[in-house]
Amino acid sequence: MNKVLPLMMMAATLTACGQSQPSETVDYLVAHPDRIKELQRQCKEDRAKVGDELCARTAEAANRRFFGDRPEQKSK
């Protein structure tokens, strides 16, 4: 009985967690220009909701794409 309670609590905790959103790094965003556009729109409309960190990563990814640091260019 003593071992069942902690296992049940752990199972309940893990169930409540759910799926986390994929980490949207600058490299990920550079490879996904549609996501950059979506995040730029969200940052423009409600930056507080999106968060300064994600908006900064989005801006960095947009700059890298604009100045030519794109994955499709590296394969040539």
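Refer to the structure printed above.
First, a word on scope: everything that follows refers to the structure included in this document. Predicted, not measured: the structure shown is a model, and the values here were computed from it.

Rules behind the numbers
Residues numbered from 1 in each chain as written. Predicted model: local features only at pLDDT ≥ 70, side-chain atom pairs only at ≥ 80, totals over all residues. Heavy atoms only, no water. Salt bridge = Lys/Arg side-chain N within 4 Å of Asp/Glu carboxyl O. Helix = DSSP H or I, 4+ residues; strand = E, 2+ residues; numbered from the N terminus. Buried < 20%, exposed > 50% of the residue type's maximum accessible area, 1.4 Å probe, protein only. Expected span 1.5 Å × (residues − 1). Arc of directions from axis to C-beta.

1. A word on the pattern of salt bridges
Summed over the entire model, instances satisfying the criterion amount to 7 salt bridges. One salt bridge in this structure joins Asp27 and Arg64, with 3.1 Å as the shortest N-O distance. With Asp27 in helix α2 (residues 26-31) and Arg64 in helix α5 (residues 52-66), the pair connects residues that are 37 residues apart, well separated along the chain. Overall, Asp27 belongs to the exposed group, its relative accessible area being 55%.

2. Quick look at α5
When the terminal C-alpha atoms of α5 are compared, their 21 Å separation across 15 residues agrees well with the 21 Å that a helix rising 1.5 Å per residue should span. Of all the positions in α5, only Leu54, Cys55, Thr58, Ala61, Ala62 and Arg65 are classed as buried. End-on, the buried residues of α5 take up no more than an arc of 120°, which puts them together on one face. Residues Asp52 and Glu53 are exposed on α5 and point more than 90 degrees away from its buried face. Downstream of α5 by one or two residues, Gly68 has phi in the positive range, about 100°.

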